[in-house]
Amino acid sequence: MKMKPKKLKPKKMKPKKLKTNKRAKAGMRKKIDINSVKWKVMVPITMLGAMLLICSILCIGQLRGMLRSSQTISDRYAQNITKLGEIAEDFQSLHRVIYEHCLTSDSASLENLSTEASTLRSNIQTANIEYEEMMGKGSETEKFQKFEQDYEEYLTNFEQAIRLSNKGRKDDAQNLANGTLSTLGSDLSDQISELIQYNKKGMDSAIVKQKRKYNSSLFIVAILLILGMIVDVLGVTISHRCISLPLGRIDGKLSKIVDDVQSGHGDLTERISVDSRDEMGKIAKGINVFLEALQTIMKEITTSAASLDEIVGKVSDHVATANDSSADISALMQQLAASMQEISSTISNISENATDVNGNVIELANASGDLQQY
């Protein structure tokens, strides 16, 4: 019995994993192609984004500063001036009350003036407390403390003048009002005016700071706007030169080559000029490589066609020679057939002659027998 040979199954070879150097990979990742179109486009866009972010941060900072200045102006200086105006108005009314109190003798009027004086003193006290909470530090505090001391002294003399007026000592009360109270009242009015002027100066300074921040904001925005326009023009120029123009040039050249090839007048020796080392340059190089490969293939096709024509010519010559040889062979075969017919007739004649010779031999044999017997 014949044993069938076992078919050996080919073992599948697992592809070996190529070990790559991690440092080489890291170096490839860190390497940045500056000539890449991606970087040429992304750098201006990134710069615009960074400038927009910086402009936003700076504007927000300036706006916050302007807001603080506005709050300082409105919440501090304006209210302080308003409060000092109220104090000055109430103090003038209080100073008027003492003169009216010294000039009148009507008990009802005196009671009304006392009530008004108490109300005015209460209003001034409340306004002083509110002003003290809102005022700043430094010289303003010293001036206000001096105002409060003089005001306490004024109130002491004011109450003494009221007591003198209530006791009917109008002349003493008037002398006190025209003397000490008048002097203290003038000083207090001057101090209130100084505090008002101090707050006005602070307000003017805050307004100047606000205007400076506003002008600096405008300046920063203008500078960033100009830089943004420059970066934008730079980005458009780079995009136009590195993307639009190369693509248009490649498209025009490739379209011309394709049209010439379709019309039968193509020139595969033409190449696209490579002016850069970015993606556009790589595309142009790839098209040139394709055209070169196509040119090589067309050359091989042309050479093969010429060889094929030569071989076909040789085959045609051999066929013609074979046809001639076939005609010669046909003529020879005809001559051979005629020769064969002649040979056949000759053989027939030989056969007849042989029969005659056989008869003659028999007769000769008989004659020889007779001769032998004889």
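One can find the structure itself at the top, above this paragraph.
First, a word on scope: everything that follows refers to the structure included in this document. The structure presented is a predicted model; accordingly, all values stated were derived computationally and were not measured.

This paragraph deals with the overall build of the protein chain. Along the protein chain, the regular secondary structure elements total 6 helices and 0 strands. Taken from N to C terminus, the helices and strands of the protein chain fall in the order α-α-α-α-α-α. The buried share of the protein chain, reckoned over its 374 residues, is 23%. Taking contacts inside the protein chain between residues at least 6 apart in sequence as the whole, the part at least 24 apart equals 75%.

Take the packing of helix α3 (residues 107-134) against helix α4 (residues 139-166) next. Axis separation between α3 and α4 bottoms out at 12 Å; the angle between their running directions is 165°. Compared by their axis directions, α3 and α4 come out roughly antiparallel. As α3 runs across α4, the sense of the crossing is left-handed. On α4, the residues that touch Ala117, Arg121, Ile124, Asn128, Tyr131 and Glu132 of α3 are Glu140, Phe144, Phe147, Glu148, Tyr151, Leu155, Phe158 and Glu159.

A complete count under the given rule lists 5 aromatic pairs for this structure. Taken together, a centroid distance of 6.1 Å and an interplanar angle of 15° make the contact between Phe147 and Tyr151 stacked. A residue pair is termed a helical-turn pair when its members lie 3 or 4 positions apart in one helix, as Phe147 and Tyr151 do in helix α4 at 4 residues. Tyr151 matches Phe147 in its accessibility class, with the two residues each being buried. Through pairs of rings, three or more aromatic residues link up here, namely Tyr131, Phe144, Phe147 and Tyr151.

Right, let's get into the side chain of His101. Turning to its location among the elements, His101 is positioned in helix α2 (residues 37-103). A relative accessible area of 0% means that His101 is categorised as buried. Within the local environment of His101, its side chain forms a polar contact with the side chain of Ser165, the two groups lying 2.6 Å apart. In this structure the side chain of His101 is engaged in a polar contact, spanning 3.2 Å, whose partner is the side chain of Asn166.

Put simply, α4 and helix α5 (residues 170-263) touch, their axes get as near as 9 Å, and they point 160° apart. Considering the angle they form, α4 stands roughly antiparallel to α5. In this structure, the crossing between α4 and α5 has a hand that is left-handed. For the contact of α4 with α5, the per-class residue count stands at 15 nonpolar, 8 polar and 7 charged.

Here we take up α4. If you check α4, its first and last C-alpha atoms are 40 Å apart, about what 28 residues at 1.5 Å a residue would give, namely 40 Å. The positive-phi residue at the C-terminal boundary of α4 is Gly168, with phi of around 90°.

With respect to the secondary-structure elements, Ile192 resides in helix α5. The class of Ile192 is buried, set by a relative accessible area of 3%. Spatially, the C-alpha atoms of Ile192 and Phe144 are 8.5 Å apart, while their sequence positions differ by 48 residues. Contact partners of Ile192, with chain neighbours within four places excluded, come to Leu84, Ile87, Ala88 and Phe147.

With that settled, the discussion passes to the nonpolar core. Of all hydrophobic cores here, the largest spans 36 residues; its most connected members are Leu94, Ile98, Tyr154 and Phe158. Broken down by secondary-structure element, the contributors of at least two residues to this core are α2, α3, α4 and α5. Counting residues in each nonpolar core, the second largest holds 6 residues, with Ile257, Ile272, Ala284 and Ile287 among its members.

Together, Ile329, Met333, Leu336, Met340, Ile343 and Ile347 line one region of the surface with nonpolar side chains, adding up to about 600 Å² of accessible area. When you line up the elements, Met333 lands in helix α6 (residues 279-373).

The final tally for this structure, using the stated rule, is 8 salt bridges. Arg96 is paired through a salt bridge with Glu116; the nearest N and O atoms lie 2.7 Å apart. Here Arg96 is found in helix α2, whereas its partner Glu116 is found in helix α3, with 20 residues between them in sequence. Relative accessible area serves as the criterion here: at 32%, Arg96 is assigned to the partly exposed category.

What counts as what
What you see as residue numbers is a count from 1 along each chain, following the sequence as written. Where totals are concerned, whole chains, interfaces and linings use all residues; where local detail is concerned, this predicted model gives features only for residues with pLDDT of at least 70, and gives and counts side-chain atom pairs only at 80 or more. Based on all heavy atoms of the structure, the side-chain values leave hydrogens and waters out of the count. Per the convention used, a helix needs a DSSP run of H or I reaching at least four residues, while a strand needs a run of E reaching at least two, with both numbered from the N terminus. Between buried and exposed lies partly exposed: a residue is buried under 20% and exposed over 50% of the maximum accessible area for its type, with that area taken using a 1.4 Å probe on protein chains only. Working rule for contacts: check all heavy atoms of both residues, and any pair within 4.5 Å makes them a contact. For helices, the axis comes from a line fit to the C-alpha atoms of the stretch in contact; other axes are also lines fit to C-alpha atoms, and the angle between any two N-to-C directions lies between 0 and 180 degrees. Roughly parallel here means an angle under 35 degrees, roughly antiparallel means over 145, roughly perpendicular means 65 to 115, and every remaining angle is called oblique. Crossing handedness: left-handed means the near helix sits turned counterclockwise from the far one by under a right angle, and right-handed means the same turn made clockwise. Side-chain rings of Phe, Tyr and Trp, where Trp is taken by its six-membered ring, are said to pair if the distance between their centres is within 6.5 Å; with planes under 30 degrees apart they count as stacked, over 60 as edge-to-face, and otherwise as tilted. Nitrogen and oxygen atoms within 3.5 Å of one another constitute a polar contact, given that in protein one can donate a hydrogen and the other can accept it, and given that sequence-neighbouring residues count only through two side-chain atoms. Residue classes follow a fixed rule: Ala, Val, Leu, Ile, Met, Phe, Trp, Tyr, Cys and Pro count as nonpolar, while Asp, Glu, Lys and Arg count as charged, and any other residue, Gly among them, counts as polar. Here a helix's expected span is defined as the number of its residues, less one, multiplied by 1.5 Å. Here, nonpolar core refers to any group of buried Ala, Val, Leu, Ile, Met, Phe, Trp, Tyr and Cys residues whose side-chain atoms link them within 4.5 Å. A residue counts toward a patch only above 30% relative accessible area and without a salt bridge, and it is joined to like-charged neighbours within 9 Å or, for Val, Leu, Ile, Met, Phe, Trp and Tyr, to nonpolar neighbours within 5 Å. Exposure was quantified through the Shrake-Rupley algorithm and a 1.4 Å probe, taking into account, for residues, occlusion by the shown protein chains and nothing else. Should a side-chain nitrogen of Lys or Arg be within 4 Å of a carboxyl oxygen of Asp or Glu, the pair is scored as a salt bridge.

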